Amino acid sequence: MLGDVGSAIASVLRKLGIDWIRQFEERDPQFIAIARLCNGLRDVNLTLKLTILNSLVSYQLVGKGEDHWNYFANYFINNKPGNLCRDFQNYVFNSKYLTRYRDARIKRVENVCPKIVNRDLTIYARDMLGLWRLITNTVGGSGEEKTVVFSVKMSYYVYRACGFETAIPMEIPIPVDYRVSVITICSGLLPMGSLYDLGKMAREVMVKRRREIQNAWGEIGKLSGIPPLNLDSVVWVLGGLLINSSFNINGTLDGLRKLGIHENEGVIELLHLLGGRCMVK
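Okay, so let's go over this structure.

Conventions used here
- Residues numbered from 1 in each chain as written.
- Predicted model: local features only at pLDDT ≥ 70, side-chain atom pairs only at ≥ 80, totals over all residues.
- Heavy atoms only, no water.
- Core = buried A, V, L, I, M, F, W, Y, C linked by side-chain atoms within 4.5 Å.
- Buried < 20%, exposed > 50% of the residue type's maximum accessible area, 1.4 Å probe, protein only.
- Helix = DSSP H or I, 4+ residues; strand = E, 2+ residues; numbered from the N terminus.
- Contact = heavy atoms within 4.5 Å.
- Polar contact = N/O pair within 3.5 Å; in protein donor to acceptor, adjacent residues only side chain to side chain.
- Salt bridge = Lys/Arg side-chain N within 4 Å of Asp/Glu carboxyl O.

## Section: the nonpolar core
And step 1. Leu50, Phe72, Phe76, Phe88, Tyr91, Leu131 and Ile135 are the most contacted members of the largest nonpolar core, which has 52 residues in total.
And step 2. Elements supplying a minimum of two residues to this core: α2 (29-41), α3 (44-56), α4 (65-78), α5 (84-94), α6 (102-116), α7 (128-139) and α8 (146-161).
And step 3. Excluding anything up to four places from it in sequence, phenylalanine 76 contacts Leu37, Leu41, Leu50, Pro81, Asp87, Phe88 and Tyr91.
And step 4. Ranked by size, the runner-up nonpolar core spans 45 residues in total, among them Val176, Ile213, Phe247 and Leu253.

Below you can see the structure in the form of structure tokens.
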């Protein structure tokens, strides 16, 4: 059961609505990077495969996620793959954002790429559950892992950016990363004691309490009518702005304006709810 904070977050999101969320998504730097890649390659199926592979190696990055995705788009716009699996491995070797655990990333590419290289993934634009099952079966695991559900979200971005009609089903959980963990703690959705070391706590809960975090946002999704993967765009972008401004509302709003997103009463209320315990008084 959600507490008062969760119900309040759901209420604000319900008032903002799915149309506002979809407009917000278009200002997400990751969406913008995907749109550039789609326009640059003019091949939706190739864009999907590259995006899924990049999503599956997008963990423990050296640098900001926004910069990582911008580099990814630029790399493949300038180096259109001739051999997808070989050329994506070369990208992993070259990216400064993927230097940590590079061998593990290469192994994942070696495992996944041959299984999707000859598939037509455009057929899943209106079957996101089918795409989720396909990626889960290809990678292995429960399907709730961060990179798996994140790859579905980024595929949704590809479909939208490339002009396909698509929608995300409620069943797919939110990808739990550092930012989502921080916001889940700061909002009070995840009961915690003293926030003695927020960074350390977030890194711990994203591993040990992932299911709790996903359940909380899943309940918010049901109450607000907005699927968790759509919520992720808002939580991730706003979370990054809150963290980068040290939870200062004016600094966060400045960052929001730079993205071309205009604040309104609902957005300001949402920021205060998401920042919660961590907001500068």
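From this point, things continue past the structure.
## A look at helix α14 (residues 265-275)
And step 1. Buried residues of α14: Gly266, Val267, Leu270, Leu271, Leu273, Leu274 and Gly275, and no others.
And step 2. Residues of α14 that are buried make contact with α1 (4-25), α9 (178-187), α11 (210-224), α12 (228-244) and α13 (249-258).
And step 3. Taking the backbone nitrogen of glycine 266 as reference, a side-chain oxygen 3.0 Å away marks asparagine 264 as the first, capping residue of α14.
And step 4. Two residues or fewer past α14, glycine 276 is found with a positive phi of approximately 40°.

## Quick look at the pattern of salt bridges
Close approach of charged atoms lets side chains of opposite charge pair.
And step 1. Applying the stated criterion across every chain, the model contains 10 salt bridges.
And step 2. Note that glutamate 25 and arginine 160 form a salt bridge whose closest N and O atoms lie 2.8 Å from each other. Of this pair, glutamate 25 sits in helix α1 while arginine 160 sits in helix α8; the two residues are 135 residues apart in sequence, bridging distant segments of the chain. Note on accessibility: glutamate 25 and arginine 160 belong to one class, buried.
And step 3. For arginine 160, the salt bridge identified is with glutamate 26, shortest N-O distance 2.7 Å. With arginine 160 in helix α8 and glutamate 26 in the loop between α1 and α2, the pair connects residues that are 134 residues apart, well separated along the chain.
And step 4. Taking relative accessible area as the criterion, arginine 160 reaches 15% and is therefore assigned buried.
And step 5. Through salt bridges with shared partners, a single ionic network connects Glu25, Glu26 and Arg160.

Such coordinate-based values are descriptive only and should not be taken to indicate function.
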